[in-house]
Amino acid sequence: MTEDSRKILVIGGSRGIGAAIVQRFAENGDSVAFTYAGSAEAAATLQKNTGAVAVLSDASDREALIAVIRAQGKLDVLVVNAGALVLGNPLDLDADAVDRMIDLNVRAPYHAAVEAARSMAEGGRIIIIGSVNGDRMPFEGGAAYALTKSAMQGMARGLARDFGARGITVNVVQPGPTDTDMNPANGPMSDAMHSFMAIKRHVRPTEVAGMVLWLAGPDAGAVTGAMHTIDGGFGA
Ligand code: NDP
């Protein structure tokens, strides 16, 4: 893998953390494509501003997801960022909404990682955006979301071993509260979330992107099967 000619695919890159990741790879001179499902305008703007290629594709649709990855050919870096957050009393939550979240947060990263690895370059990088809630769930209503994010931990440990002989690394980046549409810094739960943190502010999407860039870079070739938490001490 050469540092200046990498081929990157970000699953779920139109907004928030994903858009910051697309931006940083593009600034780095990499060849970047990203998928999106609902935010056509944001995707078009990001494409225009960064030169990254926007691809309309629902990550919950396994066959479509696999087709998009196959169409990219030999990737150097796959980032799976698309995710949903369904919170609430488990006794009241809509079971279909929970299952859709599991489809997007668990099934999609698994199938995406496996498909990308089929043709990935030696020394390639697979990076999944998990959550500190995979380690710690300090409030009510987050059981199903935490389930999806701790599932990523087991997946990364296993796939790191499956693909390690080819020098492919598999890692999870675990943000804490991060200022995006999913969890705005001025949202109603901010004060409660900051009360769990040592650095009492939301993480910036660019900070998460910086960690992803490092994991994709030359110094991280021996970092695999690991969780990388960036959470202002939420999980400390
Ligand atoms: P946002 O809701 O702000 O953005 C989500 C992104 O994922 C959008 O670009 C969206 O694209 C894309 N996406 C959603 N569903 C699909 C789908 N079915 N197919 C393709 N793309 C999809 O979320 P964040 O940026 O906050 O979160 C990104 C990741 O970080 C998630 O995995 C989340 O769980 C995780 N995370 C976030 C935290 C936070 O506090 N914000 C904390 C910890 C983890 P579009 O709108 O075009 O569909």
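Residues numbered from 1 in each chain as written. Predicted model: local features only at pLDDT ≥ 70, side-chain atom pairs only at ≥ 80, totals over all residues. Heavy atoms only, no water.

Moving on: the overall build of the chain. Summing up its helical and strand segments, the chain has 7 helices and 7 strands in all. Seen in sequence order, the chain has helices and strands lined up from the N terminus as β-α-β-α-β-α-β-α-β-α-β-α-α-β. Compactness check: the chain gives a C-alpha radius of gyration of 17 Å against a globular reference of 18 Å for 236 residues, within 12% of the reference. Here the C-alpha coordinates of the chain stretch approximately 45 × 40 × 35 Å along the principal axes. (Helix = DSSP H or I, 4+ residues; strand = E, 2+ residues; numbered from the N terminus. Rg over C-alpha atoms; globule rule 2.2 N^0.38 Å.)

The next point concerns the layout of surface pockets. Counted as a void, the largest pocket has a volume near 920 Å³. Taken together, 47 residues line the largest pocket, and the ones lying closest to its centre are Asn 81, Gly 83, Ala 84, Thr 180 and Met 182. Counting only elements with at least two residues in the lining of the largest pocket, the list comes to helix H1 (16-27), strand E2 (31-36), helix H4 (95-119), helix H5 (143-163) and helix H6 (190-194). The greatest single-element share of the lining of the largest pocket, amounting to 3 residues, is contributed by H1. Each residue belonging to the lining of the largest pocket can be placed in one class, and the counts come to 21 nonpolar, 22 polar and 4 charged. (1 Å grid on protein atoms, 1.4 Å probe; cavity = no way out; pocket = protein on both sides within 12 Å on 5 of 7 lines; lining within 4 Å. Points joined across faces, edges and corners; volume = space filled by probe spheres on them. Nonpolar A, V, L, I, M, F, W, Y, C, P; charged D, E, K, R; others polar.)

With that settled, the discussion passes to the site of the ligand. Near the ligand there are 31 residues, and of these Ser 39, Asp 58, Tyr 145, Thr 178 and Thr 180 occur at the shortest range. Contact between the ligand and Arg 15: an oxygen atom at 2.8 Å from a side-chain N or O atom of the residue. A distance of 2.8 Å separates an oxygen atom of the ligand from a polar atom in the backbone of Thr 178. Burial of the ligand by the protein amounts to 92% of the accessible area it has alone, namely 890 Å². (Near = heavy atom within 4 Å. Polar contact = N/O pair within 3.5 Å; in protein donor to acceptor, adjacent residues only side chain to side chain. Areas by Shrake-Rupley, 256 points an atom, 1.4 Å probe, with all protein chains shown as cover.)

What follows is about the pairing of E2. Here is the key point about a regular strand: its side chains alternate between the two faces of the sheet. Of all the 6 residues making up E2, 5 are buried; the element is thus mostly covered by neighbouring parts of the structure. In this structure, strand E1 (residues 7-11) lies alongside E2, joined through 4 bridges in parallel fashion. By the bridge assignment, Lys 7 is partnered in E2 with Ser 31. Traced from E1 through H1 to E2, the parallel crossover comes out right-handed. Across 4 bridges, the pairing between E2 and strand E3 (residues 53-56) is parallel. Bridge pairing in E3 places Thr 35 opposite Val 55. Chirality of the crossover, the property in question, places the unit of E2, helix H2 (residues 40-50) and E3 among those that are right-handed. (Buried < 20%, exposed > 50% of the residue type's maximum accessible area, 1.4 Å probe, protein only. Pairing = 2+ DSSP bridges. Right-handed = clockwise from strand over helix to strand, strands pointing away.)

One pass over the structure, following the stated rule, counts 2 aromatic pairs. Ring centres of Phe 196 and Phe 234 lie 5.7 Å apart, and the angle between their planes is 70°; this geometry places the pair in the edge-to-face category. Of the two residues, Phe 196 is situated in the loop between H6 and helix H7 (205-215) and Phe 234 in the segment after strand E7 (226-230); the sequence distance between them amounts to 38 residues. Overall, the relative accessible area of 25% leaves Phe 196 in the partly exposed class. Through a chain of ring-to-ring contacts, the aromatic side chains of Phe 139, Phe 196 and Phe 234 assemble into a single cluster. Positioned over the ring face of Phe 234 is Arg 136, at 6.0 Å from the centre of the ring. (Phe/Tyr/Trp six-rings, centres within 6.5 Å; stacked < 30°, edge-to-face > 60°. Lys NZ or Arg CZ within 6 Å of the ring centre and 35° of its normal.)

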